[in-house]
Number of protein chains: 2
Amino acid sequence: PWNAGYAEIINAEKSEFNEDQAACGKLCIRRCEFGAEEEWLTLCPEEFLTGHYWALFDGHGGPAAAILAANTLHSCLRRQLEAVVEGLVATQPPMHLNGRCICPSDPQFVEEKGIRAEDLVIGALESAFQECDEVIGRELEASGQVGGCTALVAVSLQGKLYVANAGDSRAILVRRDEIRPLSFEFTPETERQRIQQLAFVYPELLAGEFTRLEFPRRLKGDDLGQKVLFRDHHMSGWSYKRVEKSDLKYPLIHGQGRQARLLGTLAVSRGLGDHQLRVLDTNIQLKPFLLSVPQVTVLDVGQLELQEDDVVVMATDGLWDVLSNEQVAWLVRSFLPGNQEDPHRFLKLAQMLIHSTQGKEDSPTEEGQVSYDDVSVFVIPLHSQGQESSGH
Amino acid sequence: PWNAGYAEIINAEKSEFNEDQAACGKLCIRRCEFGAEEEWLTLCPEEFLTGHYWALFDGHGGPAAAILAANTLHSCLRRQLEAVVEGLVATQPPMHLNGRCICPSDPQFVEEKGIRAEDLVIGALESAFQECDEVIGRELEASGQVGGCTALVAVSLQGKLYVANAGDSRAILVRRDEIRPLSFEFTPETERQRIQQLAFVYPELLAGEFTRLEFPRRLKGDDLGQKVLFRDHHMSGWSYKRVEKSDLKYPLIHGQGRQARLLGTLAVSRGLGDHQLRVLDTNIQLKPFLLSVPQVTVLDVGQLELQEDDVVVMATDGLWDVLSNEQVAWLVRSFLPGNQEDPHRFLKLAQMLIHSTQGKEDSPTEEGQVSYDDVSVFVIPLHSQGQESSGH
């Protein structure tokens, strides 16, 4: 697994600092037990469950949150996993963590709910993101810093690859004859209904300055009294409404695609940090609309008939803005088969992907599109993961 | 389209009345214009947009809501469609309903948002369900009746089939080599996170009588102080928590599969009616947790290479409780090809599907499973739909 490739490029045109951060490493989960006072007693320090961890953080409003996340999230995750490790190594998680069976049919209840060990890893990832978000909030406030970041994490554990995503980075599986998305982007557009719903429940969050309704464009005085296309939180289709004065306010979600913004400010709707972020020149907070909880997908690596060149590509939005999944897969499939002897081929592939975003001649991007954003890429070979895991 | 088959069976063992109701008919949408006083002026009464409508309503707590829905929903839908008919017949819905173009790039804004005529039909279905729910609320209150119902509606319009679902009925497309679900069931289990989230935001809805958390089983005194499996609204995985006294309350969602109940009372989480429904012997209302808005899927019939025996099967949960999608498809594929000359074959197929739920010898249900619920089935042949639509 340590031959995973990583490459990054800093686009100084965008900001002075690289706002992307990356982290990777071994994840060593000890078997612990809670003492009476909730102190941790490491019972069997030699008994390890070992996994691997890769993470990308795309910062905004400065690099502080991304740096904190890169330094913190893996510890939060290790702690969360250690807290449930007895459930992880059992064939089925026990109803009670200490294994005491209070009701004889407890295993049956767990079975009927379909709760598996992988659900504990998903739960641990969800909790770790939230814990890390709290740490970042405290640290930023204590140090007088600001900012936020997206988080995309891959964890290889017990023959499975978990991908947890909060933000607009993306991970895909690329095989000889398959491209499978392993994450889903969370932006003001993809989370429109959740965000509008929140503004419906808590209208005070908009402080009378924004309208929660979506229109094809921002309305103006001439539209007053007309019937225009709109949709509200409960609608997935469109309808018409007669324009009132309050509809002329700035829209809660405004703009299309790459330009879409939440409260005119943020391009993502999930992530870590941003505890202090406010709409420019107002007291309106962004944080209530942001979720730190990731969506987690599970890839059962043990079930795949793995081939040498099967990889997972993780990258921040700077890559995906100029390269489609298909274009990335094409680059992967063109590069790897000819370089099977090269021990650095995954590193070189990651570098090549980065170069492809810089408008080089041989770039497959449409019309030689160039990324002016920071770009970070991990290329994770699954073959070695699978081998190690199945050898467990 | 009028050779669609319909059959139903009343299981008197369950209740005295048939709580299932069905409706179908032509949907004639007139081109209207709003007068100054919002009165409707039918400008071109001869100018029609014609569709077809099929609906199933599965009542609970008596047949009243289902009967009202069967008598009302199609009128609500017709009205909603007539209100946006100019947008339906245009190549692209105009930003302003009267067609006045206030900003020259309005068509471009609509284009960029990807708003198509079918989004207006989806919006009309969403609005019609909500309007119908309000009508039912008023009518039930005025007549001193109670009850609620699920609603599954199929509408064939301009070469497309729209399926709107609120509840646990189901529609599937069955073709020679394809089975495609056209709806998704809304139950306390499938909508767990939405329901828990609502209880998190408005804890007063539980009146201190229920816990919003999910556990593998209802907790009891012996569990106090133990760490047990649980999940909350933001979690898709599972974790452990130390049991407190408030965790011993009755769960907001309790039971598994067919037995799952919302607030110990209801097996569905979307539908019409239930405005007065309360948890037995309490003042706790169910209605805040129920959505009347349906999920709508669109089948582009014109894009399918239709074959003679392609059908949509719509049925209430009584059918799907004992027959899987695959079993229904097998019955459809066994029956239709041998009966191509029979003008009543879709009717006979619907009857045969019903009989298959009654544990007849030749039934393909596992272990001759029998449905004790009311069962209603529509079999809609797509071939004639496609022909009529494409001939428009």
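Keep in mind the model is a prediction, meaning the values are calculated, not measured.

Time to look at unusual backbone geometry. Residues and elements named next belong to chain A. A positive phi angle, close to 60°, is found at aspartate 281, a residue other than glycine. Within the secondary structure, aspartate 281 is located in the loop between β14 (272-273) and β15 (295-300). Using a relative accessible area of 78% as the deciding quantity, one classes aspartate 281 as exposed.

Residues and elements named next belong to chain B. Reading across from one edge, β1-β17-β16-β6-β7 is the order of the five strands in this open sheet, with antiparallel pairing throughout. Of all strands in the sheet, those bounded by a partner on one side alone are β1 (5-9) and β7 (178-181). Looking at each pair of strands side by side, their axes are set apart by 15° on average, direction ignored. Of the strand pairs in this sheet, strand β6 (residues 170-175) and strand β16 (residues 311-315) are connected by five bridges, and their pairing is antiparallel. What sits directly across from valine 174, in β16, is valine 311. In the packing of helix α7 (residues 325-335) onto the sheet, contacts are made with β6, β7 and β16, and the angle to β6 comes to roughly 45°.

Another aspect to go through is the interface of chain B and chain A. In many analyses, interface size is given as the accessible surface area lost on bringing the parts together. At the junction of the two partners, chain B supplies 49 residues and chain A supplies 49 residues. Where chain B abuts chain A, roughly 4400 Å² becomes buried across the two surfaces, and 56% of that area is made up of carbon and sulfur atoms. Contact with chain A buries area across many residues of chain B, yet B:Met95, B:Lys113 and B:Tyr240 alone supply 15% of it, more than any other trio. Across the chain B-chain A interface, the total number found is four salt bridges. Note that B:Glu214 and A:Lys113 form a salt bridge whose closest N and O atoms lie 2.7 Å from each other. Across the contact surface, chain B and chain A share 26 residue pairs in polar contact (both at pLDDT 80 or more). Among the secondary structure elements, those contributing two or more residues to the side of chain B that touches chain A are α3 (106-112), α4 (117-143), β9 (227-230) and β10 (239-242) of chain B. At six residues, the largest contribution of residues to the side of chain B that touches chain A is made by α4(B).

Further remarks concern the packing of helix α1 (residues 64-82) of chain A against helix α4 (residues 117-143) of chain A. Describing two packed helices takes the angle between their axes plus the distance from one axis to the other. All names here are of chain A. Where α1 contacts α4, the two axes come as close as 8 Å, and the packing angle between them is 140°. The angle between α1 and α4 falls in the class oblique. Crossing hand, α1 versus α4: right-handed. Where α1 abuts α4, its residues Ala64, Ala65, Leu68, Ala69, Thr72, Leu73, Cys76, Leu77, Arg79, Gln80 and Leu81 lie against Val121, Ala124, Leu125, Ser127, Ala128, Phe129, Glu131, Cys132, Val135, Ile136, Glu139 and Leu140. Considered class by class, the residues forming the contact of α1 with α4 number 17 nonpolar, three polar and three charged.

With that settled, the discussion passes to the relation of the copies chain B and chain A. When chain B is fitted to chain A, the residual RMSD is 0.0 Å, and the transformation amounts to a turn of 180° plus an axial shift of 0.0 Å. Taken together, the rotation and translation relating the two chain copies correspond to the operation of a two-fold axis. It is B:Val201 whose C-alpha, among those of chain B, lies nearest the rotation axis, at 4.3 Å. Of the interface residues in chain B, 100% have counterparts in chain A that sit at the interface too, so the contact is made through matching surfaces.

Rules behind the numbers
- Residue numbers here run from 1 along each chain, matching the order of that chain's written sequence.
- Each chain takes a letter, starting from A, and each ligand takes a number, starting from 1, following the order in which they are written.
- The predicted nature of this model means local features are confined to residues of pLDDT at least 70 and side-chain atom pairs, given and counted, to a pLDDT of 80 or more, with totals for whole chains, interfaces and linings taken over all residues.
- The side-chain quantities take in all heavy atoms of the structure and omit both hydrogens and water.
- Secondary structure is summarised from DSSP: a helix means a run of H or I of at least four residues, a strand means a run of E of at least two, and numbering begins at the N terminus for each.
- Between buried and exposed lies partly exposed: a residue is buried under 20% and exposed over 50% of the maximum accessible area for its type, with that area taken using a 1.4 Å probe on protein chains only.
- A strand pair is defined by DSSP finding two or more bridges across the two strands.
- The axes are straight lines fitted to the C-alpha atoms, using for helices just the contacting stretch, and the angles between their N-to-C directions are given from 0 to 180°.
- Only heavy atoms matter for contacts: two residues are in contact if any of them lie within 4.5 Å across the pair.
- Defined in terms of a 1.4 Å probe, buried area is the accessible area two parts forfeit on being brought together, summed over both.
- By definition here, a salt bridge exists when the distance from a side-chain nitrogen of Lys or Arg to a carboxyl oxygen of Asp or Glu is within 4 Å.
- Any pair of N or O atoms that falls within 3.5 Å is considered a polar contact. Within protein, one atom must be able to donate a hydrogen and the other to accept it, and sequence-neighbouring residues count only if both atoms are side-chain atoms.
- The labels follow the angle: roughly parallel below 35 degrees, roughly antiparallel above 145, roughly perpendicular from 65 to 115, and oblique for the rest.
- Put simply, a crossing is left-handed when the front helix is turned counterclockwise from the back one by less than a right angle, and right-handed when it is turned clockwise.
- Basically, the charged four are Asp, Glu, Lys and Arg, the nonpolar ten are Ala, Val, Leu, Ile, Met, Phe, Trp, Tyr, Cys and Pro, and anything else, Gly included, counts as polar.
- Copy-to-copy alignment: least squares on C-alpha atoms, limited to residues at pLDDT 70 or above in both.

Purely geometric numbers; function is a separate question.
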